[in-house]
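Structural overview
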Amino acid sequence: MSSSTVSTAFEEQLRTLCLKDFPCGLVNWVSCQTFTENALKRVICFVCQRFALVLFWYEANSDPERGSSSGRRGQEKAQWEAGREDPEALIEYLNSNLSPWKMEALWSPQAGGLRELAVRSPGCIHWDFVFAYFTTLRIVDKGVSAVDAGLLRFVNLEELILSANRICDIDSHHLPRTLKVLELCANAISSMSGLCSDPPPGLQHLGLGYSKLSSPADYRCLTAAFWPRLVSLDLSFSGFVEQLGLLDALATLPCLRSLVLQGSPLTLTPSYPGFTLDNLPRLTFLDDVRISPDDRHCFSGLARRRDVIANEAVVIVTIGKMKGVPDPHLPSEDTTVEFPLVTYSYYVTYEFLGSCPQAAPQHTEEQSNNFPQDRGSPVDTAECAASAGTRKTLPEPPSTLRNSHGETCTPSLKTARASERKDRRSPEHPQSHLPCCVDIHRTPGLAWAEVMDHEYKAVHQTRDLTALRAFFLRGLQVTVEEQKALSWPVGPAENSIAKPASDKRGGGKEKEEGKRKPKDKKKQKEPQVEMRQDPPVRRTLGCVSVELQALLCGESHTGTVCDFGVLHTPHSSFLTREKEVKKTKEDRKREEKKADSGRDSTASQRACTSSKGKARTKKNSEADVVTDTAPSPPDPLTLEFTVKLDKWLTAAEACNSQYA
């Protein structure tokens with residue numbers, strides 16, 4: 001259903017009440033008592049009683065033929081009255097839970113009362129009465145694109161909700177003067193000029209969440225000159241970035257007690273919410289949370305430190321322990337040929353908005369291809385994070401992710417929200433589908449272990465708060481990679497090419513010295529073999545998407561354990577089979593030794609008994625081997641991943657912050 005104006009949408013909603021159909025309406029199924037006033041009812045009842053007495057006396061004294069005709073008239077009258085219902089019974093049809101005529105009219109609390117009124121007094125249902133009857137209208141997601149002048153006919157309207165429509169601009173001359181609540185959430189409003197031309201003087205709540213308002217001209221309209229009685233203001237998920245200008249305008253509102261800014265770009269800065277609390281001392285609720293005296297005391301004096309307020313966000317990414325990676329080394333690699341030497345390294349890559357971590361030097365392309373083999377300190381991790389010079393456009397994350405073996409990987413996310421905001425689920429923001437330019441950051445390589453602790457920490461700073469919000473709405477992708485490197489000894493041909501001619505002379509002397517002292521050959525140390533490394537081979541073990549929307553809903557950090565699923569590799573399957581076979585052989589040898597010792601020590605007369613016992617013990621041992629060697633399910637690949645927004649907790653911390 002789509003409507004172009006508010007009046008058209010209201011008429012469509014009014015038709016759903018079925019005011020002219022059963023059990024409502026001015027028709028013959030309602031008893032005639034409904035159509036008279038109380039005084040007229042009493043007069044008619046008195047006249048009918050007297051007329052009934054006269055009619056009864058006349059029929060009693062009349063002839064039988066007339067009596068039979070009057071009986072037929074009574075039957076016809078009874079049949080005619082049988083098609084009529086009492087008004088109370090009709091109202092029960094409207095309100096009973098078992099009635100098919102019950103209707104939940106959520107678009108207005110007065111809709112149910114209007115249906116009852118259409119049963120009791122259907123004669124008063126006309127357009128002027130209907131427009132004056134409604135005080136609340138909820139026209140949500142009806143395709144409304146314009147607020148027409150027909151809305152002025154609602155002379156008693158106090159609450160108007162037009163959320164999730166297509167309204168781009170509003171002419172305030174078309175709003176009723178009695179309006180107290182105006183909700184315009186999730187519309188395409190991009191300017192406040194039309195709304196502030198002649199706003200209702202008594203408006204107490206204004207909802208502009210999920211709008212396109214972002215310019216300085218818009219927040220200059222949010223002053224006491226236009227909204228002298230405004231108590232509640234909703235600017236959630238709007239586009240405001242300038243914190244100082246917006247708060248200076250809101251400070252002029254004398255009655256403002258509730259303010260919602262969550263999801264706006266300015267809330268990503270370290271100074272929020274402290275600077276807002278100290279600038280608006282009359283505020284009682286911020287982002288649907290009651291402000292306590294301790295909160296005001298912690299940020300006291302921050303409003304005077306305007307020099308430390310900057311429109312810049314600081315994001316800290318921390319990567320912890322990773323486990324569940326199968327051992328890549330085969331047992332046969334230690335006993336077979338000496339070369340090539342195989343080394344495995346494991347890395348974690350993640351996406352972030354196109355900016356490098358703080359104070360991190362750039363690495364060359366050659367250095368980024370040859371990853372370090374040792375773990376390194378947290379300071380080295382920040383350097384390695386900046387080495388990722390790869391930039392790409394973040395596509396829309398898929399609904400299901402798979403690892404390198406085609407198995408579905410489901411991320412285990414722990415994005416908790418405050419209890420005060422559980423019912424405040426944010427609708428899908430239009431910027432969540434916009435592409436974001438991101439950089440790929442990589443941790444230092446770690447050798448294989450059952451538990452690999454990356455101890456990684458990187459600080460990202462950005463001034464593009466709008467792009468950062470779009471990135472948080474989309475989320476980021478975390479990938480675990482395995483790198484395999486093969487090392488070979490340098491061949492003799494390469495040695496001859498690499499060594500100059502002067503080395504041949506030295507080699508002759510060494511041969512002569514070797515002939516002179518053959519006994520000292522064992523004492524001489526073997527020369528160090530020069531190794532040549534092939535280009536590394538990388539393989540993706542798993543990739544998951546991490547949601548970051550909790551950072552836009554008031555949370556300062558989001559911590560998750562990424563679950564990449566169970567990795568099945570040929571190496572891990574071979575190791576599992578080798579362990580099972582080895583364990584089975586050892587158990588069988590142990591049982592055979594026990595059986596042999598039992599035969600030697602047992603007397604000859606108990607040979608039959610011992611053979612039966614051996615058979616039973618052998619069957620039991622085989623059953624135990626089968627149960628003991630049942631493979632345990634492998635652990636999934638998991639990774640600790642945390643994203644934190646840097647926030648000031650006190651005014652003193654704001655002055656001493658290293659990012660200020």
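Reading guide: rules and limits
- Residues numbered from 1 in each chain as written.
- Predicted model: local features only at pLDDT ≥ 70, side-chain atom pairs only at ≥ 80, totals over all residues.
- Heavy atoms only, no water.
- Helix = DSSP H or I, 4+ residues; strand = E, 2+ residues; numbered from the N terminus.
- Buried < 20%, exposed > 50% of the residue type's maximum accessible area, 1.4 Å probe, protein only.
- Contact = heavy atoms within 4.5 Å.
- Areas by Shrake-Rupley, 256 points an atom, 1.4 Å probe, with all protein chains shown as cover.
- Phe/Tyr/Trp six-rings, centres within 6.5 Å; stacked < 30°, edge-to-face > 60°.
- Salt bridge = Lys/Arg side-chain N within 4 Å of Asp/Glu carboxyl O.
- Patch = residues over 30% accessible without salt bridge, like charges linked within 9 Å, V, L, I, M, F, W, Y side chains within 5 Å.
- Pairing = 2+ DSSP bridges.
- Axes fitted to C-alpha atoms, helices over the stretch in contact; angles between N-to-C directions.
- Disulfide = S-S within 2.5 Å.
- pLDDT = per-residue confidence, 0-100.
- Core = buried A, V, L, I, M, F, W, Y, C linked by side-chain atoms within 4.5 Å.

Here we come to the overall build of the protein. Helix and strand counts for the protein stand at 18 helices and 20 strands. Residues classed as buried in the protein amount to 39% of the 660 residues present. Across the protein, every contact between residues at least 6 apart in sequence was considered, and the portion connecting residues at least 24 apart equals 77%. Approximately 37200 Å² of the protein is accessible, and the part contributed by carbon and sulfur atoms is 53%.

In terms of residue burial, helix α13 (residues 465-474) counts as a mostly covered element, since eight of its ten residues are buried. For α13, the complete set of buried residues consists of Leu465, Leu468, Arg469, Ala470, Phe471, Phe472, Leu473 and Arg474. Following α13 by one or two positions, Gly475 adopts a phi angle in the positive range, close to 85°.

For the structure on display, the rule yields 15 aromatic pairs. Note on Tyr133 and Phe134: the rings are 6.0 Å apart at their centroids and 85° apart in plane angle, and the pair reads as edge-to-face. The rings of Phe10, Trp107, Trp127, Phe129, Phe131, Tyr133, Phe134 and Phe154 are connected pair by pair, giving a single aromatic cluster.

Among the eight residues in helix α8 (residues 243-250), seven count as buried, and that is most of the element. Here α8 has its buried residues at Gln243, Leu244, Gly245, Leu246, Leu247, Ala249 and Leu250. Here the buried face of α8 lies against α7 (216-219), β5 (232-234), β6 (258-260) and α9 (274-279).

One side chain can pair with another of opposite charge once the charged atoms of both are near each other. A complete count under the given rule lists seven salt bridges for this structure. The shortest N-O distance in the salt bridge between Asp248 and Arg306 comes to 3.1 Å. Here Asp248 is found in helix α8, whereas its partner Arg306 is found in the loop between α10 (293-298) and β9 (313-323), with 58 residues between them in sequence. Residue Arg306 is classed as partly exposed on the basis of its relative accessible area, which comes to 35%. Ionic pairing is found between Asp534 and Arg532, a salt bridge with its closest N-O pair at 3.2 Å. Asp534 sits in the partly exposed class, given a relative accessible area of 21%. The class of Arg532 is partly exposed, set by a relative accessible area of 37%.

A negative phi angle is the norm for most residues apart from glycine, just as the trans form is the norm for most peptide bonds. Note that the residue after Tyr272, namely Pro273, is joined by a cis bond; omega there is 10°. The topology assignment puts Pro273 in the loop between β6 and α9. Of note in this structure, Tyr210 is not a glycine but carries a positive phi near 55°. Relative to the helices and strands, Tyr210 resides in the loop between β4 (205-207) and α7. Looking at Tyr210, the relative accessible area reads 11%, which means it is buried.

This paragraph deals with a nonpolar patch on the surface. On the surface, a cluster of nonpolar side chains totalling about 240 Å² of accessible area is made up of Leu341, Val529 and Met531. Among the structural elements, Met531 can be located in strand β17 (residues 531-533).

Let us now look at the sheet that holds strand β20 (residues 638-645). In space, the four strands of this open sheet follow the order β15-β9-β20-β19, with antiparallel pairing throughout. Of all the strands in the sheet, the pair left with one neighbour each is β15 (451-462) and β19 (557-563). Sheet twist, expressed as the average angle between the axes of neighbouring strands with direction ignored, equals 15°. Examined bridge by bridge, β19 and β20 share seven bridges and lie antiparallel to one another. The residue of β20 that forms the bridge with Thr558 is Val643. Each of β9, β15 and β20 is contacted by α13, which is oriented at about 30° to β9, the strand it contacts most.

Before going further, it helps to examine the environment of Leu353. Within the secondary structure, Leu353 sits in strand β10 (residues 341-353). Spatially, the C-alpha atom of Leu353 lies 9.5 Å from that of Gln461, the residues being 108 residues apart in sequence. Excluding residues within four positions of it along the chain, Leu353 makes contact with Cys437, Val438, Asp439, Thr462, Asp464, Ala467, Leu468 and Phe471.

Further remarks concern the environment of Leu476. Within the element layout of this structure, Leu476 appears in strand β16 (residues 476-489). C-alpha of Leu476 to C-alpha of Glu547: the two residues are 71 residues apart in sequence and 6.9 Å apart in space.

To continue, consider the state of the cysteines. Going through the model one piece at a time under the given rule, you end up with zero disulfides. Take Cys562: it sits in no disulfide, and the sulfur closest to it among the cysteines is that of Cys543, at 9.7 Å.

What follows covers the confidence of the model for the protein. Here the protein shows a mean pLDDT of 74. Residues at 70 or above account for 60%. Every residue in residues 32-43 is under pLDDT 50, and counting partners more than four places away or in other chains gives twelve contacts.

Before going further, it helps to examine the sheet that holds β4. Pairing is mixed across the open sheet formed by eight strands, whose spatial order is β1-β2-β3-β4-β5-β6-β7-β8. Two strands in the sheet have a free side with no partner beyond their single neighbour: β1 (136-138) and β8 (289-290). Bridging between strand β7 (residues 285-286) and β8 involves two bridges; their strand directions are antiparallel. Bridge pairing in β8 links Phe285 to Arg290.

In terms of nonpolar packing, the biggest core is built from 73 residues, with Leu195, Trp227 and Leu250 touching the most fellow members. Going through the elements one at a time, α1 (6-15), α4 (87-95), α5 (110-120), α6 (127-133), α8, α9 and α18 (651-656) are the ones with two or more residues in this core. Top element by residues in this core is α8. It accounts for five residues. Among residues more than four places away in sequence, those in contact with Trp227 are Met192, Leu195, Cys196, Pro199, Leu203, Leu206, Cys221, Leu222 and Leu253. The next biggest cluster of nonpolar side chains, apart from the first, holds 44 residues, and it includes Ile319, Leu473, Val546 and Phe641.

Below, the discussion takes up the environment of Val241. Its location among the elements puts Val241 in the loop between β5 and α8. On the basis of relative accessibility, which here comes to 24%, the residue Val241 falls in the partly exposed class. Residues Val241 and Asn311, spaced 70 residues apart in sequence, show a C-alpha to C-alpha distance of 7.1 Å.

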